[in-house]
Amino acid sequence: MSTETVKAAAHRVCETTGLSIFLKAQFFVKINAVLAVIFLLVGGIAALLLALTRWSNVMLLNDIWYYRMITLHGVNMLVFWIIFFEMAILYFASTTLLNTKMFSKKLAHVSLALMVAGAVVTNYIILKGQADVMLTSYPPLEAHPLFYLGIILFAVGALLVAFNFFATLYIAKKNKTYEGSMPLVTFGAATAAIIAVVALLHGAAALVPTFFWSMGWMEMMDPGVYRLLWWGLGHHSQQINVAAMVSVWYFVATISTGAKPLNETVCRGAFILYILFINLAAAHHLLVDPGLSSEWKIWNTSYAMYLAVLASMIHGYTVPASMEVAMRRKGYNKGIFGWFAKLPWKDPGFSAVALSAIIFGFIGGITGVTLGTEQINIMAHNTLRIPGHFHATVVGGTTLAFMGLCYYLVPLIFQKDFYMKKLARIQPWLFGGGIVLMSFGMSFAGTYGVPRRTYDSDFGGAILETGFDPIAHIFLGLLGVGGVIAFVGLLLFLVLIVTAVFFGPSIKGQKMPTWQSAREQKMTDDLISIGYEEEGKDYHIKTPGTIVLVLIFLLSFAIYYFANWAALADLWHIR
Amino acid sequence: MSIFHPKGNWYRPPTGAERLWVGLALAWCLVMSITMPWWHFQGKQNAPQTTYEVDPSAFIQRVNQFVETNRVGEINNVPIVEPEPGGDAYLLGQMWQWYPVLKLKKNQTYRIHVSSADLQHGLSILPINMNIHVLPGYDYVMEITPTTAGEFSLICNEFCGIGHHRMTGKIIVEET
Ligand code: HEM
Ligand SMILES: [Cu+2]
Ligand SMILES: [Cu+2]
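Numbers given for residues are sequential positions, taken from 1 along each chain in its written order. Chains and ligands are labelled sequentially in the order written, the chains with letters from A and the ligands with numbers from 1. With the structure being a predicted model, the display of local features is reserved for residues of pLDDT at least 70 and the display and counting of side-chain atom pairs for 80 or more, all residues being used for whole-chain, interface and lining totals. With hydrogens and water excluded, all non-hydrogen atoms of the structure serve as input to the side-chain values.

## A look at the site of ligand 1
Residue and element names in this part refer to chain A. Nearness of a residue to a molecule or strand requires only that one of the residue's heavy atoms be within 4 Å of it. Ligand 1 sits among 26 residues. The nearest are R54, Y66, H73, H391 and R453. Polar contact is defined as a pair of N or O atoms within 3.5 Å, subject to the rule that within protein one atom must be able to donate a hydrogen and the other to accept it, and that residues adjacent in sequence are counted only when both atoms are side-chain atoms. Interatomic distance of 2.8 Å between a side-chain N/O atom of H391 and a nitrogen atom of ligand 1. Only DSSP runs of H or I with at least four residues qualify as helices, and only runs of E with at least two residues qualify as strands; both kinds are numbered from the N terminus onward. Looking at the shell around ligand 1, the elements with two or more residues in it are α2 (23-54), α3 (63-95), α12 (385-414), α13 (421-447) and α14 (470-503). Take the shell around ligand 1: its biggest share by element is 7 residues, from α3. When residues are grouped by polarity, Ala, Val, Leu, Ile, Met, Phe, Trp, Tyr, Cys and Pro land in nonpolar, Asp, Glu, Lys and Arg in charged, and all others, Gly among them, in polar. Looking at side-chain class alone, the shell around ligand 1 contains 19 nonpolar, 4 polar and 3 charged residues.

## Topic: the coordination of the copper ion (ligand 2)
Residue and element names in this part refer to chain A. Distances decide who is a donor: an N, O or S atom must be within 2.8 Å of the metal, or within 3.2 Å for Na, K and Ca. Water is not included, so sites may look incomplete. Every protein donor of the copper ion (ligand 2) is listed here as H235 (ND1), H284 (NE2) and H285 (NE2), and their distances to the metal cover 1.8 to 2.1 Å. The sequence pattern describing where the donors of the copper ion (ligand 2) fall on their chain is H-x48-H-H. With H235 in helix α7 (residues 223-257) and H285 in the loop between α8 (264-277) and α9 (294-329), the pair connects residues that are 50 residues apart, well separated along the chain. Across the pair, exposure class does not vary: H235 and H285 are buried alike. Throughout, exposure labels follow a simple rule: accessible area from a 1.4 Å probe, protein chains only, divided by the maximum for the residue type, with under 20% read as buried, over 50% as exposed, and the rest as partly exposed.

## Quick notes on the pairing of strand β8 (residues 121-126) of chain B
Residues and elements named next belong to chain B. Taken across its 6 residues, β8 has 6 buried, putting it largely inside the fold. Of the two faces of β8, the one holding H121, L123 and I125 and the one holding G122, S124 and L126 are both buried throughout. Here a strand pair is declared whenever DSSP counts at least two bridges between the two strands. Two elements, β8 and strand β9 (residues 130-134), share 5 bridges in a ladder whose sense is antiparallel. Residue pairing for β9: S124 is matched across the bridge by N131.

## Topic: the coordination of the iron atom of ligand 1
Around the iron atom of ligand 1, the protein supplies H73 of chain A (NE2) and H391 of chain A (NE2) as donor atoms, at distances of 2.0 Å. A relative accessible area of 14% means that H73 of chain A is categorised as buried.

## A word on the nonpolar core
Counting 257 residues, the largest nonpolar core has F147 of chain A together with I112 of chain B as the members making the most contacts within it. Element by element, the count of residues in this core is highest for α3 of chain A, at 21 residues. Any two residues having at least one pair of non-hydrogen atoms within 4.5 Å are treated as being in contact. Apart from the residues within four sequence positions on either side, F147 of chain A is in contact with T71, V75, T122, I125, I126, A131, V133, M134, L135 and S137 of chain A. Joining through side-chain atoms within 4.5 Å is the link that ties buried Ala, Val, Leu, Ile, Met, Phe, Trp, Tyr and Cys residues into a set, and such a set is a nonpolar core.

## Some points on the packing of helix α6 (residues 184-214) of chain A against α8 of chain A
All names here are of chain A. Interaxial distance between α6 and α8 falls to 9 Å at its minimum, and their mutual angle equals 10°. Taken together, the axis directions place α6 and α8 in an arrangement best described as roughly parallel. Residues L184, F187, G188, T191, I194 and I195 of α6 touch α8, and the partners they reach there are E264, C267, R268, F271, I272, Y274 and I275. Of the residues contributing to the contact of α6 with α8, the split by class is 9 nonpolar, 2 polar and 2 charged. As a rule, the C-alpha atoms of each element are fitted with a line to give its axis, helices using only the stretch in contact, and angles between N-to-C directions run from 0 to 180 degrees. Each angle receives one of four descriptions, namely roughly parallel if under 35 degrees, roughly antiparallel if over 145, roughly perpendicular if within 65 to 115, and oblique otherwise.

## Section: the interface of chain B and chain A
Between chain B and chain A, the residue contacts involve 83 residues of the former and 113 residues of the latter. Between chain B and chain A, a total of about 8,900 Å² is buried, with carbon and sulfur atoms accounting for 66% of that surface. Just to be clear on terms, a salt bridge is a Lys or Arg side-chain nitrogen sitting within 4 Å of an Asp or Glu carboxyl oxygen. Summed over the shared surface of chain B and chain A, the number is 2 salt bridges. Put simply, E143 of chain B and R575 of chain A hold a salt bridge, and the shortest N to O gap is 3.3 Å. Seen at the junction of chain B and chain A, the total is 36 residue pairs in polar contact (both at pLDDT 80 or more). The leading source of residues in the side of chain B that touches chain A is helix α1 (residues 16-42) of chain B, at 17 residues. Classifying every residue of the side of chain B that touches chain A gives 48 nonpolar, 26 polar and 9 charged. The pairing of strand β3 (residues 573-574) of chain A with strand β10 (residues 138-145) of chain B spans 2 bridges and is classified as antiparallel. The residue bridging H573 of chain A from the neighbouring strand is T145 of chain B, located in β10 of chain B. Buried area, as used here, totals the accessible surface that two parts lose on assembly, with accessibility defined by a 1.4 Å probe and the loss added over both.

## Re the pairing of strand β2 (residues 71-75) of chain B
Where a strand is regular, its side chains alternate between the two sheet faces. All names here are of chain B. Pairing between β2 and strand β3 (residues 78-81): 4 bridges, direction antiparallel. In the strand pairing of β3, E74 is matched with P79. If you look at the hairpin formed by β2 and β3, you'll find 2 residues sitting between the two strands, and N76 has a positive phi there, around 45°.

## Looking at the layout of surface pockets
In this structure, the second largest pocket occupies an estimated 470 Å³ of space. A per-class count over the lining of the second largest pocket returns 11 nonpolar, 7 polar and 2 charged. Buriedness of a pocket was judged along seven lines, with at least five required to meet protein on both sides within 12 Å; pockets are open sets of points on a 1 Å grid over the protein atoms alone, cavities are sets where a 1.4 Å probe fits but cannot get out, and lining residues have an atom within 4 Å of a point. Grid points are joined across faces, edges and corners, and a volume is the space filled by probe spheres set on the points.

## Here's the deal with unusual backbone geometry
Following P139 of chain A, the chain continues to P140 of chain A via a peptide bond in cis, the omega torsion being 5°. Relative to the assigned elements, P140 of chain A resides in the loop between α4 (105-127) and α5 (145-174). Cis geometry is found at the peptide bond from L126 of chain B to P127 of chain B, where omega equals 0°. Within the secondary structure, P127 of chain B sits in the loop between β8 and β9.

## Quick word on empty space enclosed by the protein
Residues and elements named next belong to chain A. Taken as a whole, this structure holds 4 cavities of 30 Å³ or more when the rule is applied. Looking at the largest cavity, its volume works out to about 210 Å³. Elements supplying a minimum of two residues to the lining of the largest cavity: α3, α7 and α12. Here the element with the most residues in the lining of the largest cavity is α12; it accounts for 5 residues.

## Considerations on the environment of F154 of chain A
Residue and element names in this part refer to chain A. Among the secondary structure elements, F154 is positioned in helix α5. By relative accessible area, F154 is classed as buried at 2%. With 36 residues separating them along the chain, F154 and G118 place their C-alpha atoms 4.6 Å apart. If near-sequence neighbours (up to four positions away) are discounted, F154 is found in contact with V79, F80, I83, F84, L114, M115, G118 and A119.

## Some remarks on the packing of aromatic side chains
Only the six-membered ring of Trp is used, alongside the rings of Phe and Tyr, when aromatic pairs are assigned; centres must lie within 6.5 Å, and planes under 30 degrees apart are stacked while those over 60 apart are edge-to-face, with the rest tilted. Applying the stated criterion to the full structure yields 48 aromatic pairs over all chains. Seen in terms of ring centroids, F562 of chain A and W28 of chain B are 6.0 Å apart; in terms of plane orientation they differ by 75°. Their pairing is edge-to-face. Of this pair, F562 of chain A sits in helix α16 (residues 544-568) while W28 of chain B sits in helix α1, which puts the two residues in different chains. An aromatic cluster is built from F362, F553, F557, Y561, F562 and W565 of chain A together with W28, W38 and W39 of chain B, whose rings are joined through pairwise contacts. A cation sits over an aromatic face here: R227 of chain A above Y138 of chain A, 4.8 Å from the ring centre. A positively charged side chain is recorded as over a ring if its NZ (Lys) or CZ (Arg) lies within 6 Å of the ring centre. The angle to the ring normal must also be within 35 degrees. Just above the ring of F187 of chain A sits the side chain of R268 of chain A; from NZ or CZ to the centre is 5.2 Å.

## Digging into a positive patch on the surface
All names here are of chain A. Only residues whose relative accessible area exceeds 30% and that form no salt bridge enter a patch; like-charged residues are grouped when within 9 Å of one another, and nonpolar side chains (Val, Leu, Ile, Met, Phe, Trp, Tyr) when within 5 Å. For every accessible area listed, the method is Shrake-Rupley and the probe measures 1.4 Å; residues are considered covered only by the protein chains on display. A residue counts as positive if it is Lys or Arg and as negative if it is Asp or Glu; His and the chain ends are not included. By convention, the point assigned to a charge is CZ for Arg, NZ for Lys, CD for Glu and CG for Asp. Residues K24, K101, K105 and K174 make up a contiguous surface patch of positive charge. As for its placement among the helices and strands, K105 is situated in helix α4. A relative accessible area of 40% places K105 in the partly exposed class.

## So, a nonpolar patch on the surface
Residues and elements named next belong to chain A. Residues L41, I45, Y419, M420, L423, I426, L491, V495, V498, F502 and F503 make up a contiguous nonpolar surface patch of roughly 950 Å² in combined accessible area. For the nonpolar patch, the secondary structure elements donating two or more residues are α2, α13 and α14. For L423, the location among the structural elements is in helix α13. Accessibility expressed as a relative area gives 37% for L423, which makes it partly exposed.

## Some points on the pattern of salt bridges
Residue and element names in this part refer to chain B. Under the defined criterion, the tally for this structure stands at 16 salt bridges over all chains. When the shortest N-O distance is used, the salt bridge between E74 and R71 registers 2.8 Å. On the basis of relative accessible area, R71 is assigned to the partly exposed category, the value being 43%. The residue E82 makes a salt bridge to K105 at a minimum N-O spacing of 2.8 Å. Of the two residues, E82 sits in the loop between β3 and β4 (88-94) while K105 sits in strand β6 (residues 101-105), which places them 23 residues apart along the sequence.

And the structure:
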């Protein structure tokens, strides 16, 4: 009796998935997710102001506040929102999915304190106006020492969480809390954590000396070397985001449709490609930098990026294909795309993830690889084409996938139900649609050469006048409109989450309320419950729909890629 | 199931459509890996490669000397400078202008040395939209051949302080 109660207090069994949720780890999942969402709000307010400033007919902010907000936005979104959320994923994937308690609660508290302190200090100094240096803080531009210190504290905290994660994997293995290999989602999370360690070490190499310099203890680091090291942080972090996002795709695909990976070898192999081949792809941020040879640039982009691209293209097939198989097994066999129409689109968790995969692949991926080509980068470096690309990867892709996960996190971990479910159903479309419009606006304005990180696209007051084609200004308007729509989607997300988490009806002891019809949910549950038993079966089910989708993708990719080469051929000759 | 640990030995090479896609994707990645070096040898537009280390003050001196010897006029108090076709030219990025205005001839090749006197800058030639990154301490040599004539604007596209969005310059290309 007594051991039973002790155990019962340490974890609970999830009514929906049957997995064990360890209460200490659950606390850290919750707190990191809540903090993430708070910083998403901070970054979101800055986002709205930025969109309304780049919209050249509006130009809401003055120049100082535009530069301050762009720093605030970049840091809160790309660093604090994304990484706090990833910490929640690491705690979840290492404990619940491996059926183990976490390695150390103390360590988790210490890392949390460091991260919160770092985030607060950084935000304070930015808002105080002493760190208008953008996220990248390229020297000789200099910020107040607290800016670097805040980011370093945050990074050390994140590194400790990664350590806690690995130690948890280790004790799970040692205590044999599961048999065989870890689940795919945990494997993906581990990929993210490994890359995170590499990223954070680069970050330390760039930022610690820069912090010392700002204190007057050291000479300034060479600006070219700083860029190389900083992008070792900045680029790798994007690979963390991709690995975490793909893990979320697999997780939501399983839980919303009953899909299971067609071939674990292929899926895991693709994750391993991320780890092996991402190392030096930071080169694609330095393609038109002085001081680096073309051989170095070409080798590092093609060897390191293309095999990581291959990995993403593989996931881009395996995720929808696994859903297609699941849907066909439920009997949705009509034609090539009958299954596609019958996917659980009414489930915002699912539609967020589906949109995430489409936006990430079709817009983010295609533009990213193309702009990251050494020569094509001449037409793109530091233009709005760059934020046009990454708002389709890290926002339309990662952020939207994380939002999708939240539609499961709230009922499964917080054990609360949502209000306003109709609005929840449109939220992913609003956010994703807004981001797509904004990304188009940025990308097309960028093809006219409109620069990023620039307050006034008309260069008013310059000694030598210049300006852009009126069509470029129309695209800046599209940027503005898309940005406002995305902001509304973001705000709606926050309202839905906050009302559910803090005021929502408790669903303790119940199954998660379904977004689908009872019949659909039953079919999904059945697939999930037999899936484990059937490991290694049902490969005879064909996936014609997914094949057509990926072929369309490949064709779009090739067209965009070669169209850019064609445009490049019209430029002045340069070497 | 992606949330449960797979049972037994899950090692299995890809089959069927999955194998086809992995193959296609790999082939596409190879096409892209070959295109880049191919263009490096065959294409006319490549990222400049030549870089020299230079002290910003030394670079400023060279720019000033270049302006003195080749000056042909001025516009809004900025000197217009015409380098020898085939020769060296200098362009200085500083808070907040590109200095001086360069006057070039169409279809002639120039070695334009670009560097910064202070912060990092982004050299952007408009409207043709060509961009390179400029760092203090690095003399970056663009071997450039204008293939169209007219007036081209230079702007800065890397944040360089509060006057960044007023940092401009000009290149004039004459028909030959
Ligand atoms: C409502 C959603 C969002 C809107 C409307 C928005 C809008 C913008 C705008 C207008 C810019 C400025 C572009 C420029 O002038 O150079 C920008 C920059 C940026 N955004 Fe967003 N954004 C959103 C969400 C996000 C999210 C979720 C992330 C990251 C996860 C993100 C990451 C960034 C980054 C890294 C920059 C570049 C900052 C810099 O240049 O230092 N954004 N965004
Ligand atoms: Cu990158
Ligand atoms: Cu600038």
